[in-house]
Amino acid sequence: MSVGAITARGLLAATADESGGSAAPREVELLLSHALGHDRAWLYAHADDPLVAADAVQFHALLLRRATGEPVAYIVGRREFWSLDFAVTPDVLIPRPETELLVELALRRIAQNTQVEIADLGTGSGAIALALAHERPRARVTATDASVAALTVARGNAQRLGFGNVEFAQGDWCAALADRKFDLIVSNPPYIAATDAHLGRGDLRFEPRAALTSGADGLDAIRAIVRAAPAHLQPGGWLLLEHGHDQGAGVRALLEKSGFVEVSTARDLEGRERVSGGRSA
Ligand code: GLN
């Protein structure tokens, strides 16, 4: 390495210094590898390779975007979920680690090697649908969204990941299912109350409102799904819904009112109520 050359190691160290340690190292590495057109593994293998000035300029432009609050996932156009690599755009919610609980609970209800029919309502990037399709190659997964732009992102992910057992349907919640019946319906619908102060903070400011909020108490989408789902489930089929930490009792009551049995709620790793579900009688 020649003295004074720009290197990945040098840029990372300078960024850590300039931010006074406030920049998350993993985020900064993601931004640098994106600016350089490589993955993070490349950074470690080539930390001391000389870079050109244009690379440093590009990296600083990405740091500035991040400094205005733009989510890293939108800047780099990627987010990992269930160890799969998803393309994401501002047309879709950024997949969250806590949603992996919904995938786990769904997998517990689908035996390996069975030809079950699964629907994922409001699929966004396709994260849940494609994780299930990956784990259960013999299942047929129908991923729906009201947003055509979101379906384009989800379709692109299915193609890039090479999953042939996923199909897509456009429409609101169960309306997208026409007259079909499923063994399992899952959804991570919008569930934040329209006036929730969190909407003005962090990544949520940049995400599609329709994927986040649902009426005054946040439960409008869940009410619509729970009401319509029984007509789209096989006898004994399951409905599983992600929701806010303080909505468990409300969602269980809705499920029971709609005739679901074996209604229960699972907690996430932090012990908060996160996913409720029930079985069609
Ligand atoms: N879990 C997300 C959040 O609170 C919200 C996602 C959703 O509404 N489905 O940031």
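Note: the structure precedes this text.
On a predicted model such as this, the values are computed, not experimentally measured, just so you know.

Q: Run through the overall build of the protein, naming residues and quoting values.
A: Regarding its fold elements, the protein presents 10 helices and 9 strands. Overall size of the protein, expressed as C-alpha extent along the three principal axes, is 75 × 40 × 35 Å. In the protein, the proportion of contacts linking residues at least 24 apart, taken out of those at least 6 apart, comes to 64%. For the protein, the accessible surface area stands at approximately 13200 Å², while carbon and sulfur atoms represent 53% of it. Of the charged side chains in the protein, 28 are positive and 35 negative; the average position of the first set lies 5 Å away from that of the second.

Q: Describe helix H7 (residues 127-135), and please don't skip the residues or the numbers.
A: Within H7, 7 of the 9 residues are buried, which leaves the element mostly enclosed by the surrounding structure. Within the sequence span of H7, burial applies to Ala127, Ile128, Ala129, Leu130, Ala131, Leu132 and Ala133.

Q: Break down the nonpolar core for me, citing the residues and quoting the values.
A: Counting 35 residues, the largest nonpolar core has Val103, Ile118, Leu132, Val166, Leu184, Val186 and Leu240 as the members making the most contacts within it. Those elements that place two or more of their residues in this core are strand S2 (84-87), helix H6 (100-108), H7, strand S4 (140-145), helix H8 (148-161), strand S5 (166-170), strand S6 (182-187) and strand S7 (233-242). Among the elements that make up this core, the one with the highest residue count is H7 (7 residues). Contacts of Val103, omitting those with residues within four sequence positions, involve Phe81, Trp82, Ile128, Ala131 and Leu132. Membership of the second largest hydrophobic core comes to 25 residues, among which are Ile222, Ile225, Ala229 and Phe260.

Q: Give me the side chain of Ser280: which residues, what numbers.
A: Topologically, Ser280 is positioned in the segment after strand S9 (273-279). Look past the residues within four positions of Ser280 in its chain and what remains in contact with it is Leu233, Gln234, Pro235, Gly236, Gly237 and Phe260.

Q: Can you explain the sheet that holds S9? Please cite residues and give values.
A: An order of S5-S4-S3-S6-S7-S9-S8 is seen for the 7 strands of this open sheet, with the pairing classed as mixed. What marks the edges here is a single partner per strand, and that holds for S5 and strand S8 (261-267). Sheet twist, expressed as the mean angle between neighbouring strand axes with direction ignored, is 15°. In this sheet, S5 lies alongside S4 in parallel orientation, the contact comprising 5 bridges. The residue of S5 that forms the bridge with Thr142 is Glu167. Across the sheet, H6 is in contact with S6, S7, S8 and S9; its angle to S7 comes to roughly 160°. Seen against the sheet, helix H9 (residues 220-228) touches strand S3 (117-121), S6 and S7 and runs at an angle of roughly 170° to S7.

Q: Describe the pairing of S4, listing the residues and the values that go with them.
A: Judged by how many residues are buried, S4 sits mostly within the fold: 5 of 6 residues are covered. Here S3 pairs with S4 via 5 bridges, running parallel. Looking at S4, one finds that Ala119 is bridged to Thr142. After leaving S3, the chain enters H7 and then returns to the sheet as S4, a path that is right-handed. Where the polypeptide runs from S4 across H8 and back to S5, its parallel neighbour, the crossover connection is right-handed.

Q: Lay out the site of the ligand in plain terms, naming residues and giving numbers.
A: Lining the immediate surroundings of the ligand are Leu93, Arg96, Glu98, Asn188, Pro189, Pro190, Tyr191, Ile192, Leu204, Ala211, Leu212 and Glu242. Within the side chain of Asn188, an N or O atom sits 2.7 Å from a nitrogen atom of the ligand. Taking Leu212, its main chain carries an N or O atom lying 3.4 Å from an oxygen atom of the ligand. Protein contact buries 86% of the 300 Å² of open area that the ligand shows by itself. When grouped by side-chain class, the residues that make up the shell around the ligand number 8 nonpolar, 1 polar and 3 charged.

Q: How would you summarise H9 if you had to cite specific residues and measurements?
A: All of the buried residues in H9 are Ala221, Ile222, Ile225 and Val226. What you see down the axis of H9 is that its buried residues fit within an arc of 125°, all on one side. Of the surrounding elements, those touching the buried residues of H9 are S3, S6, S7 and helix H10 (248-257).

Rules and cut-offs
- What you see as residue numbers is a count from 1 along each chain, following the sequence as written.
- Owing to the predicted nature of the model, reporting of local features is limited to residues with pLDDT of at least 70; listing and counting of side-chain atom pairs is limited to 80 or more, with chain, interface and lining totals taken over all residues.
- Side-chain calculation: all heavy atoms of the structure are included, whereas hydrogens and water are not.
- Put simply, DSSP H or I for four residues or longer makes a helix, DSSP E for two residues or longer makes a strand, and each gets a number counted from the N terminus.
- The criterion used for residue contact is that any of the two residues' heavy atoms lie within 4.5 Å.
- To be clear on the numbers: accessible area is Shrake-Rupley with a 1.4 Å probe, and residue cover counts the displayed protein chains and nothing else.
- Residues counted as positive are Lys and Arg, residues counted as negative are Asp and Glu, and His and the chain ends are not counted.
- A charge is said to be at NZ when it belongs to Lys, at CZ for Arg, at CG for Asp and at CD for Glu.
- To sort residues, take the accessible area from a 1.4 Å probe on protein chains only and compare it with the maximum for the residue type: under 20% means buried, over 50% means exposed, and anything in between is partly exposed.
- The criterion is simple. A nonpolar core is a set of buried Ala, Val, Leu, Ile, Met, Phe, Trp, Tyr and Cys residues joined through side-chain atoms within 4.5 Å.
- Two strands qualify as a pair provided DSSP detects at least 2 bridges between them.
- Note on geometry: axes are C-alpha line fits, over the in-contact stretch for helices, and angles between N-to-C directions span 0 to 180 degrees.
- The handedness of a crossover follows from its direction of travel: if, with the strands pointing away from the viewer, the path from the first strand over the helix to the second runs clockwise, the crossover is right-handed.
- Being near a molecule or strand, for a residue, comes down to having at least one heavy atom within 4 Å of it.
- Definition of a polar contact: a pair of N or O atoms within 3.5 Å, with one able to donate and the other able to accept a hydrogen when the atoms are protein atoms, and with sequence-neighbouring residues admitted only if both atoms are side-chain atoms.
- Think of it as three bins: nonpolar holds Ala, Val, Leu, Ile, Met, Phe, Trp, Tyr, Cys and Pro, charged holds Asp, Glu, Lys and Arg, and polar takes everything else, Gly as well.
- Note that the arc is computed from the directions linking the helix axis to the C-beta atoms.

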